[in-house]
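# Observations on the three-dimensional arrangement
The residues making up each chain are set out below.
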Amino acid sequence: MIAEFLAWAKSKLLVDRRLLALYCIVYFSWGMGMNCFGTAMEIAKFTYWWQVISCYILYMVPISLLLRKLPFHAQYAYGLVAMGFLEFGGYCFGTSYAYPDNLMDQFFGIRNFSLAMALFFALYFPLGNWGVGKLYRALFKN
């Protein structure tokens, strides 16, 4: 069972280097922008800026590649599971910081903050795959 999954995953992760580079550039930029926005709006932030690399490039890019050919709803559903673990771990271990009484807390309640974040950030997978796909086709027409 594990060998089957690894074979399937390997086939999904072996992509054109230009596509991989484009994912990394887009997701890194997106992550830096969201970290700056979260900090400026005093919603949430990474404890260290370089966590954008570990979360967006090393975690989210491979997951995006695994999900990229699935329908939107399936990408969102699997992405929700992936982001649930990421959000839980970030706030549990203190590698992410949620500002006290932030806008999300005020709107959804403090107990729903991580859930709201996971629900929002799960959209990254289908939207990221769509956007990177459009950029790739526009930049590298074969």
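As a convention, each chain's residues are numbered from 1 in the sequence order in which they are written. Restriction of local features to residues with pLDDT of at least 70 applies here, the model being predicted, together with a cutoff of 80 or more for giving and counting side-chain atom pairs; totals for whole chains, interfaces and linings are based on all residues. Values reported for side chains reflect all heavy atoms of the structure, with hydrogen atoms and water molecules removed beforehand.

We now examine the overall build of the protein chain. Numbering of helices and strands starts at the N terminus; helices are DSSP runs of H or I of at least 4 residues and strands are runs of E of at least 2. A tally of helices and strands in the protein chain yields seven helices and two strands. Going from N to C terminus, the protein chain has its helices and strands arranged as α-α-β-α-α-β-α-α-α. We take the radius of gyration over the C-alpha atoms and set the globule estimate at 2.2 Å times the residue count to the 0.38 power. Relative to the compact-globule value of 14 Å for 142 residues, the protein chain shows a C-alpha radius of gyration of 16 Å, a close match. C-alpha extents for the protein chain along the principal axes are approximately 50 × 35 × 25 Å. Taken across its 142 residues, the protein chain has 36% of its residues classed as buried. For the protein chain, restricting intrachain contacts to residue pairs at least 6 apart in sequence, the fraction spanning at least 24 positions comes to 76%. Surface summary for the protein chain: the accessible area is close to 9,000 Å², and the carbon and sulfur share equals 71%. Only four residue types enter the tally: Lys and Arg on the positive side, Asp and Glu on the negative side, with His and both chain ends excluded. Taken as the charge centre is NZ of Lys, CZ of Arg, CG of Asp or CD of Glu, depending on the residue. Side chains of the protein chain carry 11 positive and 6 negative charges; the gap between the two charge centres is 18 Å. Each residue's exposure class comes from its accessible area (1.4 Å probe, protein chains only) as a fraction of the maximum for that residue type: buried when under 20%, exposed when over 50%, partly exposed otherwise. Residue contacts are defined here by distance: any two heavy atoms, one from each residue, within 4.5 Å place the two residues in contact. Method for areas: the Shrake-Rupley scheme with a 1.4 Å probe, in which residue coverage is limited to the protein chains shown.

Here we take up helix 4 (residues 72–92). Given a rise of 1.5 Å per residue, 21 residues ought to cover 30 Å, and the 29 Å separating the end C-alpha atoms of helix 4 matches this to within 8%. Residues A74, Q75, G79, A82, M83, E87, G89 and G90 constitute the buried set of helix 4. In this structure, the buried side of helix 4 is in contact with helix 3 (51–67), strand 2 (96–98), helix 6 (113–121) and helix 7 (124–139). Just past helix 4, the residue G94 takes up positive phi, approximately 75°. What a helix is expected to span follows from its residue count: subtract one and scale by 1.5 Å.

Let us now look at the pattern of salt bridges. A carboxyl oxygen of Asp or Glu within 4 Å of a side-chain nitrogen of Lys or Arg is what we treat as a salt bridge. Within this structure, the stated rule accounts for one salt bridge. A salt bridge links R18 to D16, with the shortest nitrogen-to-oxygen separation between them at 2.9 Å. Since its relative accessible area comes to 36%, R18 is described here as partly exposed. Overall, the relative accessible area of 30% leaves D16 in the partly exposed class.

Here we take up unusual backbone geometry. Of note, E42 is a non-glycine position whose phi angle comes to about 55°, a positive value. Within the secondary structure, E42 is located in the loop between helix 2 (17–40) and strand 1 (44–46). Phi angles above zero are rare outside glycine, and D101 is one such case at about 55°.

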